[in-house]
Amino acid sequence: MKILCAEYNREKEVAIVPVGDDVLLRNNGDFYIPEFSREVSCVPQLLVRICKLGKSVGERFAGRYFEEMGVGVRFYGDSFEEELRGKGLPIGMASSFDCSAAMSGLVSVADCREAVYVMSVNGVKVYEGSREGQAVGIERLVALSSDFHTMKIGDFLFCGGMFRYRGLKPDDRIQVCLNGKEMLDFRVK
């Protein structure tokens, strides 16, 4: 199983970054702020599970390569990221550490065509996004990913996003709903 993550710059250009499967935080487990970073942020996003083997998939066929989707939250060690950047080092370590990607259960894509997702922190809505409002569509992300990586059954693609919630602290409660159904509900420790 591969985990591929879309990362964006300010111009909405995208790169696909593979990360290890140890990043997954499942079953609404608590997220623990890592010791190596004083400041932590997160990005709510859609994710899909690949259901078909494919390489160099055309964008118009990419919808055939996923049947299930969910929501995820990727965490970033902001102060560690700045430290790495200041040293001229790649910043990937700041977002690919153990349990740095919370993942919900999955639902059929057919059941959630609109895919509106909402993230709340401590009961306050901080973000609302949708499949239609993404900087880069899921089909385009699947096609791009398959240009660099052979897509295999069971791989996950975190679709990324432009919004980043900063300033997470211990005891914060994060909830993410998909089409009005709560999919994630966990605490920051």
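Before any of the text, the structure's been laid out above.
Residues numbered from 1 in each chain as written. Predicted model: local features only at pLDDT ≥ 70, side-chain atom pairs only at ≥ 80, totals over all residues. Heavy atoms only, no water.

Q: How should I be thinking about the overall build of the protein in this particular structure?
A: Within the protein, the regular secondary structure consists of two helices and 13 strands. For the protein, whose C-alpha radius of gyration is 16 Å, the value lies close to the compact-globule estimate of 16 Å for 189 residues. Here the protein, with 189 residues, has 47% of them falling under the buried criterion. Taking contacts inside the protein between residues at least 6 apart in sequence as the whole, the part at least 24 apart equals 72%. Accessible surface, the protein: about 9400 Å² in total, of which carbon and sulfur atoms supply 48%. (Helix = DSSP H or I, 4+ residues; strand = E, 2+ residues; numbered from the N terminus. Rg over C-alpha atoms; globule rule 2.2 N^0.38 Å. Buried < 20%, exposed > 50% of the residue type's maximum accessible area, 1.4 Å probe, protein only. Contact = heavy atoms within 4.5 Å. Areas by Shrake-Rupley, 256 points an atom, 1.4 Å probe, with all protein chains shown as cover.)

Q: So what exactly am I meant to see when it comes to the nonpolar core here?
A: Side chains of a nonpolar character, in soluble globular proteins, are inclined to be buried together. Counting residues in each nonpolar core, the largest one holds 43 residues, and the members touching the most others are Val 73, Phe 75 and Ile 174. Elements with a contribution of two residues or more to this core: strand 1 (3-8), strand 4 (40-50), strand 5 (66-77), strand 8 (116-121), helix 2 (138-148), strand 12 (173-178) and strand 13 (181-187). Once residues within four sequence positions are removed from consideration, Ile 174 is found in contact with Cys 42, Val 73, Phe 75, Met 119, Ser 120, Leu 168, Leu 184, Asp 185, Phe 186 and Val 188. If you look at the next biggest cluster of nonpolar residues, it comprises ten residues, including Val 19, Leu 24, Met 103 and Phe 158. (Core = buried A, V, L, I, M, F, W, Y, C linked by side-chain atoms within 4.5 Å.)

Q: Help me out: how do you make sense of the pairing of strand 12 in this one?
A: Each regular strand displays side chains that alternate between the two surfaces of the sheet. Pairing of strand 8 with strand 12, which is carried by five bridges, proceeds in the antiparallel orientation. Within strand 12, the position partnered with Met 119 by the bridge is Val 176. Sheet topology note: the strand 12/strand 13 ladder contains six bridges and is antiparallel. What sits directly across from Cys 177, in strand 13, is Glu 182. Linking two consecutive strands that pair antiparallel, namely strand 12 and strand 13, is a turn of two residues; a positive phi of about 50° is found at Asn 179 within it. (Pairing = 2+ DSSP bridges.)

Q: Help me out: how do you make sense of unusual backbone geometry in this one?
A: For residues besides glycine, phi is generally negative; the peptide bonds are generally trans as well. Positive phi values are uncommon outside glycine, yet Lys 12 reaches one of about 65°. With respect to the secondary-structure elements, Lys 12 resides in the loop between strand 1 and strand 2 (14-19). Residue Asn 28 is not a glycine yet carries a positive backbone phi of 55°. Counting through the fold element by element, Asn 28 comes out in the loop between strand 3 (24-25) and strand 4.

Q: Explain the side chain of Gln 45 here, please?
A: When you line up the elements, Gln 45 lands in strand 4. Within polar-contact distance, the side chain of Gln 45 engages the backbone nitrogen of Gly 160 at 2.6 Å. With residues near it in sequence (within four places) discarded, Gln 45 still touches Gly 70, Val 71, Gly 72, Arg 74, Tyr 117, Phe 158, Cys 159 and Gly 160. (Polar contact = N/O pair within 3.5 Å; in protein donor to acceptor, adjacent residues only side chain to side chain.)

Q: Whenever I open this one, the sheet that holds strand 8 confuses me. Can you help?
A: One key point about sheets: their strands pair by backbone hydrogen bonds, in either a parallel or an antiparallel sense. Strands sit in the order 9-8-12-13 across an open sheet of four strands; the sheet is antiparallel. Edge positions in the open sheet fall to strand 9 (124-130) and strand 13, since each of these has one partner strand only. Between one strand axis and the next, the sheet turns by 15° as a mean value, whatever way the strands run. (Axes fitted to C-alpha atoms, helices over the stretch in contact; angles between N-to-C directions.)

Q: What's the story with the pattern of salt bridges in this structure? I'm lost.
A: Opposite charge on two side chains permits them to pair, given that their charged atoms come into close proximity. Across all of its chains, the model carries 13 salt bridges by this definition. Notably, a salt bridge pairs Arg 164 with Asp 78, separated by 2.8 Å at the nearest N-O pair. Within this pair, whereas Arg 164 is found in the loop between strand 10 (156-158) and strand 11 (165-166), its partner Asp 78 is found in helix 1 (residues 78-86), the two being separated by 86 residues in sequence. Note on Asp 78: relative accessible area 8%, which makes it buried. Close ionic contact of Asp 185 with Arg 173 constitutes a salt bridge, the shortest N to O distance being 2.6 Å. In this pair, Asp 185 sits in strand 13 while Arg 173 sits in strand 12, placing the two residues twelve residues apart along the sequence. On the accessibility criterion, Arg 173 (29% relative accessible area) is partly exposed. The network of salt bridges with shared partners includes Asp 78, Glu 81, Glu 82, Arg 85, Arg 164 and Arg 166. (Salt bridge = Lys/Arg side-chain N within 4 Å of Asp/Glu carboxyl O.)

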